[in-house]
Every structure is written in C-alpha cells, then in structure tokens.
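# Coordinate analysis (summary)
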Amino acid sequence: MSGQASPAAQEKRAIPGTIVFDGDAAQDGYALNAMCYSFNSEPNRKAFVADEEGYMDRFNLTEAQRQAVRNRDVLGMLAAGGNVYYLAKLAGILGLNVQDLGALQTGMTLEDFKAALLSHAMTETHVADRLGEAA
Amino acid sequence: MSQICGGIFTSHVPGIGNAIAKGLQQDPYWKPFFDGFAPVHKFLAEEKPDVAVVFYNDHGLNFFLDKMPTFAIGAAPEYKHEDEGWGIAFERPYPGHPDLSWHIIEQVVASEFDPVTCQSMLVDHAVAVPFELCWPGSDAFPVKLVPIAINTVQHPLPSPKRCHELGKAVGRAIESWGGEEKVVVFGTGGLSHQLEGERAGHINTDYDKFCLSNLAPDPEALLQHDTLDIVELAGSQGVEILNWIAARGALGGKVRELASNYHVPISNTAAATVLLENSEKVLA
C-alpha cells in the first residue's frame, strides 16, 4: 500500500488504540471515504441501500473495503483507510450511532460502553458576578 | 474601544443538534449542558454583537479529501447548513459579511498566512450547532458570519502555535477594521473525545481541566503540546481544541472568564462551554 515502506512511515509515532489519519491513510482510504462523502445526499443513501454492491462498484472500493462494509466491520473500514468523520455517514444509514460504533470497536456491549463513558460523569459550572443571576 | 467583545467556546457534537431538533433541552440527560448557555444568552442580549467570527472544523460537508485546506476563510454573502448524512438540515441561513471577510483575508495574508478563500461554502454542524445554542428559536440570526475552517481531519494538522498565531492575526485584522460593528469570536469543538479505534470512548478530564483553567489567563500553556501530543491526551477528535486555541488568540485585550460549564458525557464527548470577556487593555 502507499507509502508504508518509506523511511518517514517507519518513524511514525504510535498512539495506542488510535489511528492517525495521515497522508498514507488518506490515500488508502480515498475510495471508501469518497463513497461515504456521497451519503450527504439522501438519494445516494437510498441508492446504496437498494444495491450495496453496485454502489461500491461506482466508487471503485478495494476488496478489503468492500469486505469490511459487507461485514459491518468498523475496525476493518478504519484499517482500509476509512476516516470516522465520513464513516459516520455510513453508520447513520446502518442505524448505528457513535455509542454503537464505540461498542463495536472496543468489543464491549453497548451497555458497558455507555457505562464506561458515564464513569467520567461530572458537571462543573462557574459563573462570574456580571452574569450570575442568569444561571 | 475593542471591537471584539468576547469569545464563546463550545462543543459542537451533532447529537446536540438532534436534541434541539427534538426539543430535548429540558431532558435530564441534556439539561446540564443546555443550562450552561444561560450566561451566554445574557451576555449576547447585553452586548448585541453584529458579527460572529467562527473558528471551526468541517467534518465532510463542504470539504472533502480531494481538496483539504489547512486554513479556509469564508467570504460569501450568505452561508447555509445542509444534510450531513443523517437528515438534519437547519433552515435559518447565516448572513455573511464579505467586506469584513476580505479585510481579514488581506490582513492575515499580510501577516504571512496563506488561507484558501471561499466565496461559496456550506457550514456544517460545527457552526450550526453553536449558532442554534446561542440564538435558539426561529428568528433570523442577529449576527453576520465570518467562518474560518481549520483542518483537524487529515494529518499533518497545523500546529497549536500556528493556530494561535492565526487567531492573533485575525484579532488584529478585526481591531483594524474601520466599521462600527461589534464582534464576538467563536471556537467550536472538543473537549476530549475519540470516536474511532480500540480507544474509542477515550475521555481525559485532567487534560480538559488543564485547558479550561488556562484558556483565559495563560492560553500559551496550551501550546506546550504538539498536535500528536493532543491526539494522545484528548483523543483523535479532542484535537478540535485547535479551534479554541485559534479563537483565544483573537482576543488581544484584557480577558476574563465570565462563565464555564464542563459536563461529561454528551454522546461520546466531554462537553464544555466557556464565555470570555475581552476588553480594552488599560495602560498604566
């Protein structure tokens, strides 16, 4: 795949559990992300639902991208260069919100993923005198 | 007198737009977040700014990976939000201010920045949600918009230092504008969150509190981390703090915090709303 053997690529900083969407990923993922970008349009979303394989043909997805889409395999889509800002549009078609995506990617149940978010729960509010009576 | 009356910093989670569309502001899940806007509403009613200069990132409504500007400045007579893939399109248009946009473009280029200029552009939820939060209801928006998009999508992203310098240049441009308009600056997005990968759901309240406590008195403290440091600390979407860093740079006067609300979680995000006052520096 593009660029992965280059010296610069070998020096990339690794961040655990995190894909840094850089030029290599942007090249690898272009077709998949272009397809997802098209889903801003409702007629395109309907066309995808009506014929997923035909729609993926139109955007020349790679075999790895097609397989990940067929399997609803979010980590596979990311590995094939998908960017979450565009994948979110596909997720919407599939009826998945970002908690569903989080559960799918971390291997947690949806309930456990939501509980993990809530483990950070807090509300801290400060209001200065000038605007105090508004709060 | 400063032309910039203050800064509004807020998360822009799409789910907030969904909650607004469904009228869930008083729902127990959402209320602690929406309540954070009461001081902002009071401030806007008192100050009545004429223009909003908004630092934000586009998530794939106006810009795609075919052409991805590091910095882009809108110079359109009007902007619109459209369907981003989940069927919500906010109807109220955003009137533009092309003359001020071009003044800002001229001045930031004179300050050695090289922005893309856009005479036609859509604005996504990163502008639409903060506007709906600040001016709820159905009346026409009382401010004109100058949108400034920062690439937080495709690395390499601009450095925090560069974003802060851009904000300073925009602030100088606004202060040198010959008109009478009062301006409020926005920084949208954040705080810590990560949507993708095995670390999806990452939230870092320590880093968020560091940002919140330093934003007004010592914004340069936020420049000690580079973009990948911030990705590691705040999550791959937490790097949207770059928009806050730029907006804070535009506040060149005496700055003090008027209100701050930090509420975790909203969707997968540690949400925050901060209101800063910017007033003329008094020289001794």
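Below: a short report on this structure. Here the structure is a predicted model, which means the values were calculated and not measured.

## A look at the overall build of chain B
The helix and strand inventory of chain B stands at 9 helices and 10 strands. In terms of overall size, chain B behaves like a compact globule, its C-alpha atoms giving a radius of gyration of 17 Å where 284 residues would be expected to give roughly 19 Å. Its C-alpha atoms give chain B principal-axis dimensions of about 50 × 45 × 40 Å. Split by element, the accessible area of chain B, about 9900 Å² in all, is 51% carbon and sulfur. Across chain B, the 19 positively charged side chains and the 36 negatively charged ones have centroids separated by 6 Å.

## Quick word on the interface of chain A and chain B
Each partner contributes to the interface: chain A provides 49 residues, whereas chain B provides 59 residues. Across the chain A to chain B interface the summed buried area is about 4700 Å²; carbon plus sulfur atoms make up 57%. The three residues of chain A that bury the most area against chain B are Tyr85, Arg130 and Leu131 of chain A, which together make up 17% of that side's buried surface. Scanning the region where chain A abuts chain B turns up 27 residue pairs in polar contact (both at pLDDT 80 or more). Counting residues per element, the side of chain A that touches chain B draws most heavily on strand S1 (residues 122-127) of chain A, at 6 residues. Here the side of chain A that touches chain B is built from residues that sort into 27 nonpolar, 14 polar and 8 charged. Two elements, S1 of chain A and strand S9 (residues 254-266) of chain B, share 6 bridges in a ladder whose sense is antiparallel. Within S9 of chain B, the residue paired with glutamate 124 of chain A across the bridge is tyrosine 262 of chain B.

## Observations concerning the side chain of glutamine 105 of chain A
Inspection of the secondary structure puts glutamine 105 of chain A in helix H9 (residues 98-106). Accessibility expressed as a relative area gives 4% for glutamine 105 of chain A, which makes it buried. Setting aside its immediate chain neighbours within four residues, glutamine 105 of chain A contacts Val74, Leu75 and Leu78 of chain A together with Leu195, Glu196, Gly197, Glu198 and Ala200 of chain B.

## Digging into unusual backbone geometry
Here glycine 190 of chain B and leucine 191 of chain B are connected by a cis peptide whose omega angle stands at -5 degrees. Counting through the fold element by element, leucine 191 of chain B comes out in the loop between strand S8 (183-188) and helix H7 (205-214). Cis geometry marks the peptide bond from valine 264 of chain B to proline 265 of chain B, where omega comes out at -10 degrees. Among the secondary structure elements, proline 265 of chain B is positioned in strand S9. Here asparagine 60 of chain A, not a glycine, exhibits a phi torsion of approximately 55 degrees, which is positive. Of note, asparagine 60 of chain A is situated in the loop between helix H5 (52-58) and helix H6 (63-70). Look at asparagine 60 of chain A and you get exposed, because its relative accessible area is 58%.

## A few points about helix H3 (residues 30-38) of chain A
Residues and elements named next belong to chain A. In terms of residue burial, H3 counts as a mostly covered element, since 7 of its 9 residues are buried. Where H3 is concerned, the buried positions are Ala31, Leu32, Asn33, Ala34, Met35, Cys36 and Ser38. Looking at the buried positions of H3, the neighbouring elements they touch are helix H4 (42-50), H5, H6, helix H7 (74-79) and helix H8 (84-93).

## Here we look at the pairing of strand S2 (residues 51-56) of chain B
Residue and element names in this part refer to chain B. Of all 6 residues in S2, 6 are buried, a share of seventy percent or more. Because side chains alternate across S2, one face comprises the buried residues Val51, Val53 and Phe55, and the other comprises Ala52, Val54 and Tyr56, equally buried. Here 6 bridges tie S2 to strand S7 (residues 144-150), and the two strands are oriented parallel to one another. Note that in S7 the partner of tyrosine 56 across the bridge is alanine 149. The sheet contact formed by S2 and S8 spans 5 bridges and is parallel. Note on S8: the bridge partner recorded for valine 54 is phenylalanine 186.

## What to know about the packing of helix H1 (residues 14-21) of chain B against helix H5 (residues 125-134) of chain B
All names here are of chain B. The contact between H1 and H5 brings their axes to 9 Å, and the two run at 45 degrees. Classed by the angle they form, the pair H1 and H5 counts as oblique. For the element pair H1 and H5, the recorded crossing hand is left-handed. Residue-level contacts link Pro14, Ile16, Gly17 and Ile20 of H1 to His125, Val129, Glu132 and Leu133 of H5. Here the residues of the contact of H1 with H5 are counted per class, giving 5 nonpolar, 2 polar and 1 charged.

About the criteria used
Residues numbered from 1 in each chain as written. Chains lettered and ligands numbered in written order. Predicted model: local features only at pLDDT ≥ 70, side-chain atom pairs only at ≥ 80, totals over all residues. Heavy atoms only, no water. Helix = DSSP H or I, 4+ residues; strand = E, 2+ residues; numbered from the N terminus. Rg over C-alpha atoms; globule rule 2.2 N^0.38 Å. Areas by Shrake-Rupley, 256 points an atom, 1.4 Å probe, with all protein chains shown as cover. Lys, Arg positive; Asp, Glu negative; His and termini not counted. Charge placed at Lys NZ, Arg CZ, Asp CG, Glu CD. Contact = heavy atoms within 4.5 Å. Buried area = accessible area lost by both parts, 1.4 Å probe. Polar contact = N/O pair within 3.5 Å; in protein donor to acceptor, adjacent residues only side chain to side chain. Nonpolar A, V, L, I, M, F, W, Y, C, P; charged D, E, K, R; others polar. Pairing = 2+ DSSP bridges. Buried < 20%, exposed > 50% of the residue type's maximum accessible area, 1.4 Å probe, protein only. Axes fitted to C-alpha atoms, helices over the stretch in contact; angles between N-to-C directions. Parallel < 35°, antiparallel > 145°, perpendicular 65-115°, else oblique. Left-handed = near helix turned anticlockwise from the far one by under 90°.

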